[in-house]
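Analysis of the macromolecular model
So you can see what is in the structure, the chains are spelled out below.
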Amino acid sequence: MGIKGAGEFNLIEKLTSIIDIKDKDVLVGFGDDCACINVNGKLLLFSSDIQIENVHFIKNKIKPEHLGWKLISVNVSDIVACGGVPKWSLISLSVPEEAKLSFLEDIYRGIKKALDFYSLSLIGGNTSKSSELVLDLFIVGETERFVPRSGAKKGDTVFLSGYTGLSKAGLELILMDKKIYEDWEEEIIMYHTKPTARIDIQPLISEFANSCIDPI
């Protein structure tokens, strides 16, 4: 049986049902933006997100610096959504043999800018070769209180951290393949190619939110 048409969440449920989490220090496992682990009384958050060529990005439609920035931002966003602060990360890089070194260096320049912006440390990782460019980041954060997706209560007020649909609109503009984009179109495209995690509202999420979900 193939997985086509199964849907992401159905696939995750099928696969994770095979695995038992027996460690009592795992407070939250599968199914949220982050896993949450109790390590000697400190709550650590674990998450990972991947960027695959021709699935999550089109190589000739995104600046390499923006791709590096986006890789970090989509992972930091998961940590923030659970009320946490990003701390450490590991990167797995899979590269086609024909890839240009200058392109990869520019990706890492974008990564460096994002690491500095979010006060996040990149401390290791792995490299391999592949038919397409793949960037995978594993991230660890800390939190005083885990904020789940499922914690909403009757009577809660719903807040949005920004306008919805801008990343999708940016993608649609990219796929139009126009030779010249107007300034407002370029601005919308940036929501798709260079999103920024809302690290600025992390203290509010940590203190007040009953539930939260990653927007990017």
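Placed above this text is the structure.
All values reported here derive from a predicted model rather than from experimental measurement.

What follows deals with the overall build of the chain. Across its full length, the chain holds six helices and six strands. Relative to a compact globule of 216 residues, whose C-alpha radius of gyration would be 17 Å, the chain shows 18 Å and is just as compact. Taken along its principal axes, the extent of the C-alpha atoms in the chain is 50 × 40 × 40 Å. Of all 216 residues assigned to the chain, the portion counted as buried reaches 38%. Partitioning the contacts of the chain with sequence separation of at least 6, the portion at a separation of at least 24 is 78%. Accessible surface for the chain amounts to roughly 13500 Å². Of this, 56% is attributable to carbon and sulfur atoms. Where the 24 positive side-chain charges of the chain centre and where its 31 negative ones centre are 1 Å apart.

Before going further, it helps to spend a moment on helix α4 (residues 166-175). The complete set of buried residues in α4 reads Leu-166, Gly-170, Leu-173 and Ile-174. One face of α4 carries all of its buried residues, which in axial projection span an arc of 100°. Among the exposed residues of α4, those pointing more than 90 degrees away from its buried face are Lys-168 and Leu-175.

Okay, the packing of aromatic side chains next. Applying the stated criterion across every chain, the model contains four aromatic pairs. Between Trp-69 and Phe-117 the ring centres are 5.3 Å apart and the planes differ by 50°, which places this aromatic pair in the tilted class. Taken together, the residues span a long stretch of sequence, with Trp-69 in helix α2 (residues 64-81) and Phe-117 in helix α3 (residues 101-118) at a distance of 48 residues. Accessibility expressed as a relative area gives 45% for Phe-117, which makes it partly exposed. Grouping aromatic residues by their ring pairs yields a cluster made of Trp-69, Phe-117 and Tyr-118.

Turning our attention to the side chain of Glu-53. As for its placement among the helices and strands, Glu-53 is situated in the loop between β3 (42-52) and α2. Buried and without a salt bridge, Glu-53 has Lys-59 as its closest oppositely charged side chain, separated by 5.2 Å. Of the polar contacts made by the side chain of Glu-53, one reaches the backbone nitrogen of Leu-133; its length is 2.8 Å. Leave out the neighbours within four places in its chain, and Glu-53 touches Lys-59, Glu-132 and Leu-133.

A few words now on the pairing of strand β6 (residues 134-143). Within β6, seven of the 10 residues are buried, which leaves the element mostly enclosed by the surrounding structure. Bridging between β3 and β6 involves 10 bridges; their strand directions are antiparallel. Its bridge partner being in β6, Leu-43 is matched across the sheet by Thr-143. Of the strand pairs in this sheet, strand β4 (residues 85-95) and β6 are connected by nine bridges, and their pairing is antiparallel. By the bridge assignment for β6, Ser-89 is matched with Ile-139.

Another aspect to go through is the nonpolar core. Buried together is how nonpolar side chains tend to be arranged in soluble globular proteins. If you look at the biggest cluster of nonpolar residues, it comprises 38 residues, and the most contacted ones within it are Ile-72, Val-76, Ile-107, Tyr-118 and Leu-133. Taken together, the elements giving at least two residues each to this core come down to β3, α2, β4, α3 and β6. Residue contributions to this core peak at eight residues, all from α2. Aside from chain neighbours lying at most four places away, what touches Ile-72 is Ile-111, Ala-114, Leu-115, Tyr-118, Leu-120 and Leu-137. If you look at the next biggest cluster of nonpolar residues, it comprises five residues, including Ile-174, Tyr-181, Ile-188 and Ile-189.

Rules of the game
Residues numbered from 1 in each chain as written. Predicted model: local features only at pLDDT ≥ 70, side-chain atom pairs only at ≥ 80, totals over all residues. Heavy atoms only, no water. Helix = DSSP H or I, 4+ residues; strand = E, 2+ residues; numbered from the N terminus. Rg over C-alpha atoms; globule rule 2.2 N^0.38 Å. Buried < 20%, exposed > 50% of the residue type's maximum accessible area, 1.4 Å probe, protein only. Contact = heavy atoms within 4.5 Å. Areas by Shrake-Rupley, 256 points an atom, 1.4 Å probe, with all protein chains shown as cover. Lys, Arg positive; Asp, Glu negative; His and termini not counted. Charge placed at Lys NZ, Arg CZ, Asp CG, Glu CD. Arc of directions from axis to C-beta. Phe/Tyr/Trp six-rings, centres within 6.5 Å; stacked < 30°, edge-to-face > 60°. Salt bridge = Lys/Arg side-chain N within 4 Å of Asp/Glu carboxyl O. Polar contact = N/O pair within 3.5 Å; in protein donor to acceptor, adjacent residues only side chain to side chain. Pairing = 2+ DSSP bridges. Core = buried A, V, L, I, M, F, W, Y, C linked by side-chain atoms within 4.5 Å.

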